[in-house]
Amino acid sequence: MQRRTVIKAGVVGAVATALPLRSSFAQKAEFTYKYANNLPLTHPMNARAREMAESILGETKGRVEIQIFPNNQLGSDTDMLSQLRAGGIEFFTLSGLILSTLVPAASITGIGFAFPNYDAVWKALDGELGAYVREQIAKANLIAMDRIWDNGFRQITSSTKPITTADDLRGFKIRVPVSPLWTSMFKAFEAAPASINFSEVYSALQTKIVDGQENPLAIIATAKLFEVQKFCSLTNHMWDGFWFLGNRRAWDRLPADLQKVVAQNVNDAGMKERADVAALNATLTKELSEKGMVFNQARSDTFRDKLRKAGFYDEWKGKYGAEAWALLERASGKLA
Ligand code: X2X
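## With respect to the side chain of S76
- When you line up the elements, S76 lands in the loop between β2 (64–69) and α3 (77–86).
- In terms of polar contacts, S76 uses its side chain to reach the side chain of N197, at 3.4 Å.
- Excluding its chain neighbours within four sequence positions, the residues that come into contact with S76 are N197 and S199.

Below, the structure is given as structure tokens:
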């Protein structure tokens, strides 16, 4: 059986099982909430989520149990977003860019080359820009925890060639996540982007439906994309993070004291996950090289120029509106 078939069978056969938690509580929890995500067990997101769920169980004396369903066990991001809205799952971590299919403003943090480094990212996301996006998320009847979790600065991988300048992307078949901003950005590069959920990325690369994809090093490593990709071009073309989202009705069912314990632990876990991902991204070039990936430093200036010339920044400024764009530019400097 192909990997793709196995993944599908897993979802259809409803064999998903939550990560086991250490618990000394004999009673069934008063609130048993499902938290689903799209990342492998080995990614820091899931290690920190597990600690988080254990401390929530302990601090609420067994009243709140968070069951973790990693690795797209409950379906693709698109599926999980529907489940979150319907209340089939209570919590879900999702890239702001994919969330923009529901909350258009949420993709603003992924604008190409907006943030020069992590200091600028956290200043904006833990500050006014993050607060603005969370307000827009609240209008869609979802809650977003204060601290966004890190995905990282994204790099381009390929099975065919290294990408050094923007011209190398011309006609390049590249997978992008399901989000208008991603498609727009890679069209501005004159690439041939295909929207594919992360649950299908490994098999799409393996079967050469696309020649490349883009993701932070921590994902290239933990999702084993190096098995099906040869080149990794360090473009740092955008930053991406995961909002820790909750279903509004499920959240409102929790008494205030329990909400406080849950929010505190989720935000603390997010801060630890940020540190883990930063550490990984600093060391993974070596580890992935040893696994056979060939790295090159891309010429970021050529990519940025191309976006500017294609009218990418002007177009998105118009979509987000002046207020949101001003908040972004306070962190990024002038873009359009
Ligand atoms: O889908 C992706 O590429 C990933 C894992 O980075 C996101 O969740 C946006």
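So that's the structure; there's more coming.
## Overview of α3
- Buried within α3 are the following residues: D77, M80, L81 and L84. For α3, the angular spread of buried residues about the axis comes to 105°, placing them on one side.
- The inward-facing, buried residues of α3 contact β1 (31–36), β3 (91–95), α4 (96–99), β4 (142–144) and β11 (239–247).
- Just downstream of α3 lies G87, where phi reads positive at about 90°.

## A look at the pattern of salt bridges
- Evaluated as defined, the whole model comprises 20 salt bridges.
- Note that R330 is salt-bridged to E128, the shortest N-O span being 2.8 Å. Taken together, the residues span a long stretch of sequence, with R330 in helix α14 (residues 322–332) and E128 in helix α6 (residues 128–139) at a distance of 202 residues.
- Judged by its relative accessible area of 57%, R330 falls in the exposed class.

## What about the pairing of β2?
- Pairing geometry for β1 and β2, over six bridges, is parallel. From the neighbouring strand, Y33 faces β2, where its bridge partner is I66.
- Remark: the β1/helix α2 (residues 44–59)/β2 crossover connection has right-handed handedness.

## A word on the packing of aromatic side chains
- Across all of its chains, the model carries 15 aromatic pairs by this definition.
- On the numbers, 5.3 Å between centres and 75° between planes, the contact of F312 with Y313 is edge-to-face.
- Exposure remark for F312: the relative accessible area of 1% places this residue in the buried category.
- Relative to Y320, the ring of W316 has its centre 5.5 Å away and its plane inclined at 40°; by these criteria the two rings are tilted. Of this pair, W316 and Y320 both sit in helix α13 (residues 312–320), four residues apart, which is roughly one turn of the helix.
- Of the residues examined, W316 reaches a relative accessible area of 5% and is grouped as buried.
- Since its relative accessible area comes to 10%, Y320 is described here as buried.
- Here a set of aromatic residues connected by ring pairs shows up, and it is made of F31, Y33, Y35, F91, W149, F244 and W251.
- One Lys or Arg, R274, reaches over the ring of W122 and ends 3.8 Å from the middle of that ring.

## Quick look at the side chain of Q155
- Relative to the elements of secondary structure, Q155 occurs in strand β6 (residues 155–158).
- Q155 gets classed as buried once you look at its relative accessible area, which sits at 6%.
- A polar contact is formed between the side chain of Q155 and the backbone oxygen of F153, at a distance of 3.4 Å.
- For Q155, the residues in contact, after removing those within four places along its chain, are Q213, E214, N215, P216, L217, C232, S233, L234, T235, N236 and H237.

## Focus on the nonpolar core
- Ranked by internal contacts, the top residues of the largest apolar core, which has 63 residues, are L99, I111, F115 and F186.
- Other than its neighbours up to four places away in sequence, F186 contacts I156, L169, I174, V176, A191, P193, E214 and H237.
- Grouped together as the second largest cluster of nonpolar side chains are 49 residues, F31, Y35, A204 and L288 included.

## Brief notes about the site of the ligand
- Near the ligand there are 14 residues, and of these N38, N151, R154, R175 and N215 occur at the shortest range.
- The separation between an oxygen atom of the ligand and a polar side-chain atom of R175 is 2.7 Å.
- Within the complex, 100% of the 270 Å² of free accessible area of the ligand lies under protein.

## Topic: unusual backbone geometry
- Within the chain, N72 stands out as a residue other than glycine whose phi angle is a positive 60°.
- A relative accessible area of 6% places N72 in the buried class.
- Look at N236: it is not a glycine, yet its phi comes out positive at around 45°.
- Along the polypeptide, N236 turns up in the loop between β10 (231–234) and β11.

Rules used in this analysis
Residues numbered from 1 in each chain as written. Predicted model: local features only at pLDDT ≥ 70, side-chain atom pairs only at ≥ 80, totals over all residues. Heavy atoms only, no water. Helix = DSSP H or I, 4+ residues; strand = E, 2+ residues; numbered from the N terminus. Polar contact = N/O pair within 3.5 Å; in protein donor to acceptor, adjacent residues only side chain to side chain. Contact = heavy atoms within 4.5 Å. Buried < 20%, exposed > 50% of the residue type's maximum accessible area, 1.4 Å probe, protein only. Arc of directions from axis to C-beta. Salt bridge = Lys/Arg side-chain N within 4 Å of Asp/Glu carboxyl O. Pairing = 2+ DSSP bridges. Right-handed = clockwise from strand over helix to strand, strands pointing away. Phe/Tyr/Trp six-rings, centres within 6.5 Å; stacked < 30°, edge-to-face > 60°. Lys NZ or Arg CZ within 6 Å of the ring centre and 35° of its normal. Core = buried A, V, L, I, M, F, W, Y, C linked by side-chain atoms within 4.5 Å. Near = heavy atom within 4 Å. Areas by Shrake-Rupley, 256 points an atom, 1.4 Å probe, with all protein chains shown as cover.

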